[in-house]
Amino acid sequence: MSKKGINHYTDAAARAMAWHSDNIKKMKQCRFDTIAVHGVYSMQEALDFNQGSIIEPVYLSTSQAYRDSDEMEAALSYQIPTWCYSRIANPSMYYFEGALAMLEAYGSDVETSCIATSSGMAAIQTAVDQFLLPDPKNPSKPINFVATTQVYGGTFQQFSIRKESERKIEWRKVINSANISEWESLIDENTRFLYGEMPSNPGQAFFDLKKVIDLAHKYGIPMIVDSTVATPALMRPIALGADIVVQSVSKTIMTSGFGIAGAVIARKNLTSNVDNPEMKADFCMYVKTLPNRDNGPNISPMTAILALNDMRTLRSRVDMQSRSTMKIAKYLVQHKHIEQVDYLGLESHPLHKLASEYMLLADAEHDEQYGFPVNRYGHLMSFRVKGNAQATRDVFDGMQMIWRATDLGRIKSVATIPAISTHSQQGEEGRKLADIPANLIRLCVGAEHPDDIIADLDQALSVLDGNKIVSSSPEYSAGGASSASLRR
Ligand SMILES: *Cc1c(COP(=O)(O)O)cnc(C)c1O
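Neighbouring the ligand are 15 residues; G120, D226, S248, S250 and K251 lie closest to it. Between M121 and the ligand, the recorded distance is 2.9 Å, taken from a backbone N or O atom to an oxygen atom. Contact distances for the ligand include 2.7 Å between a nitrogen atom and a side-chain N or O atom of D226. Protein contacts shield 94% of the accessible area of the ligand, which totals 380 Å² for the unbound molecule. Cavity membership is defined here by more than half of the atoms lying within 2 Å of grid points; on that basis the ligand lies in the second largest pocket.

Encoded structure:
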């Protein structure tokens, strides 16, 4: 066999990269749904590399072989695009990451990249840990980050136990995230980033993102947003100026519920006071080739393709589920056994106006059906039963179509009682702080016809028909004998 030389491979790679980036440029001109359907996978790639497969293939292989030592050397010194080993990268992961990176930047000319992870929690760790390293010039200097307290339960544990207790990195807590001066009062020269979840799960907290982004950049630090509940179909924080978005892909993006996954999406050339030019230039590429290569928290190829497949219909699905949720919320508001309904879409919600500035269905103005900007508020809502913990459990236990599970984002409607599930670890005091009373039910509406979900709620609530309604102050004790053993 004649020797080809490294140039043979680097030249071929340059040609492939040229048509590949041409394709991405072309895709960026397309609408949201088109990007979601085609992503970065082109006909040329299908025909040249994938036997013409019209659907992105699942590459389950652990590793990539090379033709000779020259190609191996070029690949492993990152002179040519390569995936090498599936802990680091893999073509199937790449198709998912490429599509999601484009969707999060949709409607802007911001350049983004994405790294997919094995879970949403791994995505949060991947996003924040790069900023939480000691200052090499002064390793004993304390560091802190500023983040909202109304965050997903797992995030609360990661921040308070893994960062603060175990690593002595201070979490400066924003209690009222709508108050911008509260955010600012917590920032000092040792602050590494600002972090917020919006809308939050399950509380639907919401803050004025553009103002908080401006604040972060005023102090030279990045803004990180957990945008799981909104998804890029309703809100794109990076396009608004944020530096990094994290997604629990396990939720609405991968609605089928076939796996757990997460993703970090970052703008290129992000803002940070950490002296690491490579990280700032292309955060996700840096993390992929270095820290996550060494730590190994990335997504599996099978999960990546399942997520990609569900993501193709994200926009129309979120639109439909948002409309159903609104209908169900309005039904519950007028129900005699319901004390309160919390849904950002209801005008009565104190954050409705603010949420309406941010939560807009992508491309509604280009849609046959609408032709103008349309607010959609997602499929997460909660409601409070008139009655105590036991009455709430009775309603919950009466559901026949809505699944009782601690899950969110599914194609099927799912409900949980946060006080005995997602928020049981926080205890009574913690639930009081987070306003999670024992009579609160979190409902995430699926893609069923909303009338059938309303019928299920109606029959479940009818178990209270004989009850004498006692109004009392909110109860935070979870009730029931087994609540202590449910902790996990
Ligand atoms: C579920 C969830 C997470 C964690 O994601 P996993 O995929 O379960 O690890 C993070 N943030 C939010 C808002 C979530 O709902």
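This part takes up the layout of surface pockets. Over the atoms rolls a probe the size of a water molecule, and in doing so it shows where empty space is left. Each pocket or cavity is described by its volume, and for the second largest pocket that value is around 740 Å³. Looking at the second largest pocket, it is lined by 39 residues, and the ones nearest its centre are Y152, K251, T406, D407 and T422. When contributions to the lining of the second largest pocket are tallied by element, the ones reaching two or more residues are α6 (120–129), α7 (153–167) and β6 (244–248). Per-element accounting of the lining of the second largest pocket gives the leading share, four residues, to α6. Classifying every residue of the lining of the second largest pocket gives 13 nonpolar, 18 polar and eight charged.

As a further point, take empty space enclosed by the protein. Per the counting criterion, the structure on display carries one cavity of 30 Å³ or more. The wall of the largest cavity is formed by T228, V229, K251, T252, H379, L380, L408 and C444. Taken together, the residues of the lining of the largest cavity sort by class into four nonpolar, three polar and one charged. Here the lining of the largest cavity spans two domains, and each of domain 1 (89–311) and domain 2 (314–471) adds at least three residues to it.

Thresholds applied
- Residues numbered from 1 in each chain as written.
- Predicted model: local features only at pLDDT ≥ 70, side-chain atom pairs only at ≥ 80, totals over all residues.
- Heavy atoms only, no water.
- Near = heavy atom within 4 Å.
- Polar contact = N/O pair within 3.5 Å; in protein donor to acceptor, adjacent residues only side chain to side chain.
- Areas by Shrake-Rupley, 256 points an atom, 1.4 Å probe, with all protein chains shown as cover.
- 1 Å grid on protein atoms, 1.4 Å probe; cavity = no way out; pocket = protein on both sides within 12 Å on 5 of 7 lines; lining within 4 Å.
- Sits in = over half its atoms within 2 Å of the grid points.
- Points joined across faces, edges and corners; volume = space filled by probe spheres on them.
- Helix = DSSP H or I, 4+ residues; strand = E, 2+ residues; numbered from the N terminus.
- Nonpolar A, V, L, I, M, F, W, Y, C, P; charged D, E, K, R; others polar.
- Domains from an automatic or database assignment.

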